[in-house]
There are 2 protein chains.
Amino acid sequence: MSDGPRAPHVRPAIASAPSSLRPAPVFVLVEPQLGENIGATARAMFNFGCADLRLVAPRDGWPNPAATATASGADYVVDRAVAYPSLSAALADCAYVVATTARPREMLLPVLSPQETAEILRHRIDRGERCAILFGGERAGLSNEDVAAANAIVSIPVNPAFASLNLAQAALVLAYEWAKADGRERFASALDAVAAAPRADLDGLLDQIVAALDHAGYFHPEHRRPVMERNLRVALTRAGFTENEVRTLRGVFKTLSRGGA
Amino acid sequence: MSDGPRAPHVRPAIASAPSSLRPAPVFVLVEPQLGENIGATARAMFNFGCADLRLVAPRDGWPNPAATATASGADYVVDRAVAYPSLSAALADCAYVVATTARPREMLLPVLSPQETAEILRHRIDRGERCAILFGGERAGLSNEDVAAANAIVSIPVNPAFASLNLAQAALVLAYEWAKADGRERFASALDAVAAAPRADLDGLLDQIVAALDHAGYFHPEHRRPVMERNLRVALTRAGFTENEVRTLRGVFKTLSRGGA
């Protein structure tokens, strides 16, 4: 739990970061080194609606101008980030904590995927628990004592032959899964708002094509016609043309069959 | 489809990047600018087992020493990356293509989430189709013509108030979802390999605790005893102690109740 002193140059703070966003997990960076990485982490978080950042004994003190410079637009997160002298102080108001580790430790804790983590966090945050995700410093990651403060481990399933996620990338994956679990699954498509053409329009297009093909002597031998027509219908129906697209295609086929006649 | 010339300093190439890894989607960067970003993208990909990188008209030519420098360990990906003069040349052998866009365009294409994309890609790759994910350059992203070459759009559900994913971060999210869909869901926990203690051990622990508490006059008033005992049992059972942990706890309680006697 590492309650002892970590670094002398941390202003003690108690309040949690206010946030006008929906409740989201707190991201806790334990002994981060470069301000640039703190800023990059803030950006990664804010991309997915996470704005509560806590720092445990940041090496270069806090606030850190390098963090603000890198945050480029995520100042909201950096400005509200709070530094704590110890991990237990940073977690004092948290009910559920997960620790990110590059590989599962030999520790008797559940190991969750990022997606499982996000689902658990959403459920717990929905019932009012403050939840935190711990990230270790750039050099050594979380100590075993840090991990022992957590309820579970979350490991990102990287390529075993090449595992080199940095701090902000790990935060990005966790924040992304959080946003998904929080309902920001995907954007709407312009397709969602455009109705498919009524079947009569499609039939008109198919009739026109078949007539033009007939004229060009396409259906040969004649006994294959039903299958050929059906294949054509299936292919053109699957596209789910809109009225406009059907109109366009009618023009296209009209032009082509005129040219071919 | 932009078949026209893009940049003069691209060596034409045909072969696809060989890979000793499992089949995975091809990542296609359209008119990337900084070699550093190409290298960072290669790293993001390789973290999740994706090794096929194609470049369309990279601004600074190819190969690019800055990409190798940034790839730090993902040289495997950078060394095998191939530059193409046009998008249609890069996609010539691909059967299914998704285009990443920061926001869905006003285009009649399905808009997928990264997870949906990964599931579709896995299905198609399993049946032998080569699939590609398109990423736009740092400055302007994909053109509408580039997007029109795709079967679908994939947009990462970022915070609408703050959307600033860079190229390598977008690639990271897609590669991460790919790895998940490809079965690299999560690591095992050390817990998986350790059996929970048999119930008799747990009962022994509980009996010991109850006896010690009895001795200390804890169960008061007496009629509350059944409920208090049950609550204790529930809490201690839920932890799923191992045999070792039960042994440790028995020692702890033994020590404590001795001191209190």
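Preceding block: the structure.
About the thresholds
- Residues numbered from 1 in each chain as written.
- Chains lettered and ligands numbered in written order.
- Predicted model: local features only at pLDDT ≥ 70, side-chain atom pairs only at ≥ 80, totals over all residues.
- Heavy atoms only, no water.
- Helix = DSSP H or I, 4+ residues; strand = E, 2+ residues; numbered from the N terminus.
- Polar contact = N/O pair within 3.5 Å; in protein donor to acceptor, adjacent residues only side chain to side chain.
- Contact = heavy atoms within 4.5 Å.
- Least-squares fit on C-alpha atoms with pLDDT ≥ 70 in both.
- Expected span 1.5 Å × (residues − 1).
- Buried < 20%, exposed > 50% of the residue type's maximum accessible area, 1.4 Å probe, protein only.
- Axes fitted to C-alpha atoms, helices over the stretch in contact; angles between N-to-C directions.
- Parallel < 35°, antiparallel > 145°, perpendicular 65-115°, else oblique.
- Left-handed = near helix turned anticlockwise from the far one by under 90°.
- Nonpolar A, V, L, I, M, F, W, Y, C, P; charged D, E, K, R; others polar.

**Here's the deal with the side chain of threonine 100 of chain A**
All names here are of chain A. Mapped onto the elements of the fold, threonine 100 is located in strand S4 (residues 96-100). Reaching out from threonine 100, the side chain makes a polar contact with the backbone oxygen of leucine 134 at a distance of 2.6 Å. If near-sequence neighbours (up to four positions away) are discounted, threonine 100 is found in contact with Ile133, Leu134, Phe135, Gly136, Leu142, Val154 and Leu174.

**Focus: the relation of the copies chain B and chain A**
Placing chain B over chain A gives an RMSD of 0.1 Å and needs a rotation angle of 180°, together with 0.1 Å of translation along the axis. Both copies are brought into coincidence by an operation consistent with a two-fold rotation axis. The residues that chain B uses at the interface reappear at the interface of chain A in 100% of cases, marking a shared surface.

**A look at helix H1 (residues 35-47) of chain A**
Between its first and last C-alpha atoms H1 of chain A spans 19 Å; for 13 residues at 1.5 Å apiece the expected length is 18 Å, and the two agree. Within the sequence span of H1 of chain A, burial applies to Gly35, Ile38, Gly39, Thr41, Ala42, Ala44, Met45, Phe46 and Asn47 of chain A. Buried positions along H1 of chain A lie against strand S1 (26-30), strand S2 (53-56), helix H2 (65-71), helix H3 (75-80) and helix H7 (167-181) of chain A together with helix H7 (167-181) of chain B. Backbone geometry just downstream of H1 of chain A places glycine 49 of chain A in the positive-phi region, at approximately 75°.

**Focus: the packing of helix H1 (residues 35-47) of chain B against H7 of chain B**
Residue and element names in this part refer to chain B. Here H1 crosses H7 at 15°, and the two axes come no closer than 8 Å. In this view, H1 runs roughly parallel relative to H7, as classed from their interaxial angle. As for how H1 packs across H7, the hand of that crossing is right-handed. Residues Asn37, Ala40, Thr41, Ala44 and Met45 of H1 pack against Leu167, Ala168, Ala171, Leu172 and Ala175 of H7. Counted by class, the contact of H1 with H7 contains 8 nonpolar, 2 polar and no charged residues.

Any functional reading would require information beyond the geometric quantities listed.
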